[in-house]
There are 4 protein chains.
Amino acid sequence: MRTIRRTLRVEWAHCDPAKIVFYPQYLIWFDSCTAWLFEAAGLPTAALFAHHNLVGTPLVDVRARFILPSRFGDDVDIESKVGEFRRSSFVVEHRLRKGDALAVECFETRVWIRRHADDPDAMQSQPVPDDVKARFAVE
Amino acid sequence: MRTIRRTLRVEWAHCDPAKIVFYPQYLIWFDSCTAWLFEAAGLPTAALFAHHNLVGTPLVDVRARFILPSRFGDDVDIESKVGEFRRSSFVVEHRLRKGDALAVECFETRVWIRRHADDPDAMQSQPVPDDVKARFAVE
Amino acid sequence: MRTIRRTLRVEWAHCDPAKIVFYPQYLIWFDSCTAWLFEAAGLPTAALFAHHNLVGTPLVDVRARFILPSRFGDDVDIESKVGEFRRSSFVVEHRLRKGDALAVECFETRVWIRRHADDPDAMQSQPVPDDVKARFAVE
Amino acid sequence: MRTIRRTLRVEWAHCDPAKIVFYPQYLIWFDSCTAWLFEAAGLPTAALFAHHNLVGTPLVDVRARFILPSRFGDDVDIESKVGEFRRSSFVVEHRLRKGDALAVECFETRVWIRRHADDPDAMQSQPVPDDVKARFAVE
């Protein structure tokens, strides 16, 4: 599956009084990585919204394990990919490493929500289009 | 002028590795206080947006002085009021105290932006309506 | 088990361009609720840190289900309690409702980490003290 | 003066329901840019803290003008430099542009705070060391 890799610096704004990353910050990073992954697949979010009636890919479920803390000043590496496509949902997997050590692992289950063609206020989950899926199959 | 007062607890999420409030957090609080002030004046933001074609009251200028730090676990008091109405802008003043001591002072200059009646994509600054101003004059 | 209940207003700062709560914001709220729950049990975080050599109760695992979105201007109710104490960890359960409808459910697994008495730089997980557990047993 | 330039993408997490950058987010970016500027000058924050007894360079004053909004999906360019060194404070200037247009301008006044050598709990503002100043003079 198509995989993106980013290196992020742990900055002052990301840390709590224990001088480690405040844990919801990881989920903010992973949300961003999902957008980068879509962009790497030729599907930048802003364009998806404009051209596909897509309202968003909201989370319905998230799980994360926090194995090692990340400290102010650390550089961390995040690897993100779609782990699985289901009918109208998909699971994005994120793994954050410090050097070779797995520090955080996260599984986001997201749904594909479109605005109803006849009623712009109605939103509904929709099957993920095949051409969208295909873009994640190859690296 | 109508004035609101709130007491907020400095929580873990608000603090940085120095164990004090990360300074942009103050501005997040003050932005929230502006919304509370409008609501206290009978103008809840959500209703303003729905019924007045208001797009928002975006900031054009902000100034803040940070006199004393606020620490994790502190309770702080914020007092907010409109300091001045100009033609299409207004200044909201926020003062955050720890006990009797002034800790942070902030001046937000905001503009009144409405969607154009004939062109929903066009936005323009507009004079603040007199009935809106009147609601801030009395406590 | 001791349970706390809070009502929170969904504010501008909490929302994303879809006008709903940006999902990591829920986890920031739940982290805050855990601190409130400890305070309600007579264990305010700042005091725990000062008097028990506690470094924190970092998360090792989080799971959340997002059932209904919360919109700008909504009031939401959060109910939080310790669902289970294990040896050196515990699970805090948070349920966020809109009216009677369950909107978000979250399970935080946290560990009790103390500074080593002989080596202040060393940290280790420790059994949750019995007197701490006892404080959560009664409402 | 030494100047750094960064390009940032406006992401989902940065935006509010008006689909533009939530204004305190600019100040979070600028705080980060100050750290990058110090690092570019050979003074990474984490090292400053460890080796210079530096507690931080807290803000005492901030001013910002918001000229143009930045929208979800935009790429913005930030240019940061020290505008002025005073005795124990300095002004960091940040200018954020969309293409050639100045969108946000910010002036942070920060103080140089060190831990007292004899009393680690006491903090005091100190003259900015000459060798620190020298590192910002040349690009």
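Residues numbered from 1 in each chain as written. Chains lettered and ligands numbered in written order. Predicted model: local features only at pLDDT ≥ 70, side-chain atom pairs only at ≥ 80, totals over all residues. Heavy atoms only, no water.

**Comments concerning the pattern of salt bridges**
On inspection of all chains with the given rule, the structure shows 42 salt bridges over all chains. Across the salt bridge formed by B:Asp75 and B:Arg9, the nearest N and O atoms sit 2.9 Å from each other. On the criterion of sequence distance, the pair formed by B:Asp75 in strand 4 (residues 75-85) and B:Arg9 in strand 1 (residues 3-9) is long-range, its members being 66 residues apart. The class of B:Asp75 is partly exposed, set by a relative accessible area of 41%. Among the residues examined, B:Arg9 registers a relative accessible area of 27% and is labelled partly exposed. One salt bridge in this structure joins C:Glu93 and C:Arg95, with 2.9 Å as the shortest N-O distance. (Salt bridge = Lys/Arg side-chain N within 4 Å of Asp/Glu carboxyl O. Helix = DSSP H or I, 4+ residues; strand = E, 2+ residues; numbered from the N terminus. Buried < 20%, exposed > 50% of the residue type's maximum accessible area, 1.4 Å probe, protein only.)

**Things to note about the sheet that holds strand 3 (residues 59-66) of chain A**
Read from one edge of the open sheet, ten strands run 1(A)-4(A)-5(A)-6(A)-3(A)-3(C)-6(C)-5(C)-4(C)-1(C), paired in antiparallel fashion. Edge positions in the sheet fall to strand 1 (3-9) of chain A together with strand 1 (3-9) of chain C, since each has one partner strand and no second. Here the strands of the sheet are splayed against their neighbours by 15° on average, with no regard to which way each runs. In this sheet, strand 5 (residues 89-98) of chain A lies alongside strand 4 (residues 75-85) of chain A in antiparallel orientation, the contact comprising eight bridges. Pairing of A:Glu84 across the sheet is with A:Val91, part of strand 5 of chain A. (Pairing = 2+ DSSP bridges. Axes fitted to C-alpha atoms, helices over the stretch in contact; angles between N-to-C directions.)

**Quick look at the relation of the copies chain C and chain A**
Note on the identical chains: chain C maps onto chain A by a rotation of 180° and an axial translation of 0.0 Å, with an RMSD of 0.0 Å. Overall, the copies show the geometry of a two-fold rotation axis. In terms of proximity to the rotation axis, the leading residue of chain C is C:Arg63, whose C-alpha is 2.2 Å off the axis. Both copies share a contact surface, since 100% of the interface residues of chain C are interface residues in chain A too. (Least-squares fit on C-alpha atoms with pLDDT ≥ 70 in both. Contact = heavy atoms within 4.5 Å.)

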